[in-house]
Amino acid sequence: MKTWLSRKRRSVERRLRVEQFGAIAQLSWPRALVFVDRDYARTLGIKTSSQWSGEEPDIGERPLVAPLEAHLQITNRCDAGCQGCYTAAAPSAQREWPIERWKASIDALADMGVFHLALGGGESADLPWLGELVQYARDRGLVPNLTTSGLSNLSRVLQLAPLFGQINISIDGLDDEYARVRGFDGFAEADAALIELRKRTRNVGINVVVTRHNFGSLGAIFAYAKKRRLNEVELLRFKPAGRGISTFADMSCSDVQHREFLPTVLKGARRHRLRVRVDCSYMPMLVHHKPSRELLASLSVYGCTGGDFLIGAKATGQATACSFAQPPVNGPNVDALADYWKEPSAFGAFRDWKNAEEPCKSCDYHSLCRGGCRVVSRHLVDDERKPDPECPRVVDANAKHKTLPLR
Amino acid sequence: MAIKWGLNPNSSSLGVDVTFLLVGAAALSVATPFVSALVRLRASKRASSAKTSESSSDEDLAQS
């Protein structure tokens, strides 16, 4: 009976969510979220909605009615000790939420209309109740995805693999370079985990934190991903959060590397016929090359969408605009997000991106880029409302006014 | 219509698929009608399976 119920509920996967601009439809194949306007949404059977009472905005013009995805840091415990860990995860952690609170959070997020979960940590694979939580998410119609180091409790991850939409293993470099970036030698073990995982599911990729030290090896990393028959490589900009605060100056890419980022990535993707994803903080480095605005919009490519398209939650349950951001003052726990979400001042600077200063204000891509990474701004110029100081356009503007040295 | 492809496993960012920048607008113009047809097909299947409902509200559809 329990199994039948479970299957029955699993089939009730969220397919359509009404938005002020129209609706978002979810496809499981191909895996995609499709944003449609009100006219199109009517053809899908939505006669009317309370969300459609006002003027029809463009996509991205106003905050979504709920996040597309929630990034849950379900533990902050991890034995790896990576030198750039953005959560400063450690072998012992306190005040972490038990599974019951995370289940309540999944209920709350499902009720809001969230589509996807990204589970991370810490090392989520170490949690004995990971499987129970993942199944619970499936039962509530959410698609769970996982990032893991591959260095711990691999057997658990292998067992649960079919339940995840996508699993990525963090590999920031090959062979000795892994140690240079992460601070310890774990490549062989992570590689072995990747091989085993790929035997269980095809939805496996790697996360690569790009630093000034491994930037020159991206081609080799792409070749490795192709050799391992991975379905994607996701490139992440090094963030000044957690232990990354103290190592940021030494690890973050140079200005020259940032300007070379997109051509380098596209060259590697073309050569190895590989799917490459980049994180939202790379948007300034993408638009530096003036891609078609229409193409970016039609691919729903946006910069900082923290507190809008996505939210994070700390291991202690506090909701954040993104995984790197500090919890907002008087902000809620993630299991009580719904009311806070509707507040006009929710998530502060993250949602207030339209109120930008130069050179963002006059940038043709600002409505897509939204000013770059708020976390980097906070770290480098002590103000998360300032333009991302690592954006090439901002670097040029600052060089003109000699306000910041080029690195 | 805008399409956000794939699933994001990364608990630290919203992954953006840049591979389409390689193939450009031409490829997307081929993919979009295909995706559009799939969305309509799924919607019609939902409608037929829920035809006992008098009218579809957004709340109904959001959960279906």
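So, here's what we can say about the structure. (Residues numbered from 1 in each chain as written. Chains lettered and ligands numbered in written order. Predicted model: local features only at pLDDT ≥ 70, side-chain atom pairs only at ≥ 80, totals over all residues. Heavy atoms only, no water.)

### Examining the overall build of chain B
Inclusion rule: Put simply, DSSP marks the helices as runs of H or I at least four residues long and the strands as runs of E at least two long, and each gets a number from the N terminus on. Residue exposure ignores everything except the shown protein chains as possible cover, and the areas themselves are Shrake-Rupley values with a 1.4 Å probe.
Each helix and strand counted, chain B has 2 helices and 2 strands in total. The helix and strand sequence of chain B, counted from the amino end, reads β-β-α-α. As presented, chain B carries roughly 3,000 Å² of accessible surface, and 61% of it is formed by carbon and sulfur atoms.

### Notes on the interface of chain A and chain B
Let me state the cut-off plainly: The contact criterion used is simple: two residues touch if any of their non-hydrogen atoms lie within 4.5 Å. Accessible area that two parts lose when put together, with a 1.4 Å probe and added across both, is what the buried area reports. Any carboxyl oxygen of Asp or Glu that lies within 4 Å of a side-chain nitrogen of Lys or Arg is treated as forming a salt bridge with it. What qualifies as a polar contact is a pair of N or O atoms within 3.5 Å, subject to a donor-acceptor requirement within protein and to the restriction that residues adjacent in sequence count only when both atoms come from side chains. As a working rule, the residues Ala, Val, Leu, Ile, Met, Phe, Trp, Tyr, Cys and Pro are called nonpolar, Asp, Glu, Lys and Arg charged, and the rest polar, with Gly in that last group.
Opposite the 72 residues of chain A that make contact, chain B presents 40 residues. Buried area between chain A and chain B, summed over both chains or domains, comes out near 5,000 Å², and the portion from carbon and sulfur atoms is 61%. Three residues stand out in chain A for area buried against chain B, namely A:Tyr40, A:Arg277 and A:Leu299, and they jointly supply 13% of the buried area on that side. Inspection of the region where chain A meets chain B yields 2 salt bridges. A:Arg275 is paired through a salt bridge with B:Asp17; the nearest N and O atoms lie 2.4 Å apart. Applying the counting rule to chain A against chain B returns 13 residue pairs in polar contact (both at pLDDT 80 or more). Broken down by class, the residue content of the side of chain A that touches chain B amounts to 41 nonpolar, 19 polar and 12 charged.

### A closer look at the side chain of A:Ser152
Residues and elements named next belong to chain A. As for its placement among the helices and strands, serine 152 is situated in the loop between strand S6 (143-148) and helix H5 (154-160). Side chain to side chain, serine 152 and aspartate 126 meet in a polar contact 2.4 Å long. The residues touching serine 152, leaving out its near neighbours within four places in the chain, are Glu123, Ala125 and Asp126.

### Overview of the pattern of salt bridges
Residues and elements named next belong to chain A. Note the following rule: In this scheme, a residue with accessible area under 20% of its type's maximum is buried, one over 50% is exposed, and one in between is partly exposed, where area comes from a 1.4 Å probe on protein chains only.
For the structure on display, the rule yields 25 salt bridges over all chains. For the salt bridge of glutamate 357 with lysine 386, the shortest nitrogen-to-oxygen distance reads 3.3 Å. In this pair, glutamate 357 is assigned in the loop between helix H14 (348-351) and helix H15 (366-369) and lysine 386 in the loop between helix H16 (374-381) and helix H17 (392-401), connecting sequence segments 29 residues apart. Taking the relative accessible area as the measure of exposure, glutamate 357 reaches 36% and is therefore partly exposed. Residue classification places lysine 386 among the partly exposed residues on the basis of a relative accessible area of 31%.

### Section: the nonpolar core
Threshold: Buried Ala, Val, Leu, Ile, Met, Phe, Trp, Tyr and Cys residues that are joined via side-chain atoms within 4.5 Å together make up what is termed a nonpolar core.
Core analysis: the largest hydrophobic core is formed by 142 residues, its most contacted members being A:Leu72, A:Leu109, A:Ile206, A:Leu235 and A:Phe261. What A:Leu109 contacts, discounting residues up to four positions off in sequence, is A:Ala70, A:Leu72, A:Val114, A:Leu117, A:Leu142, A:Ile311, A:Val334 and A:Leu337.

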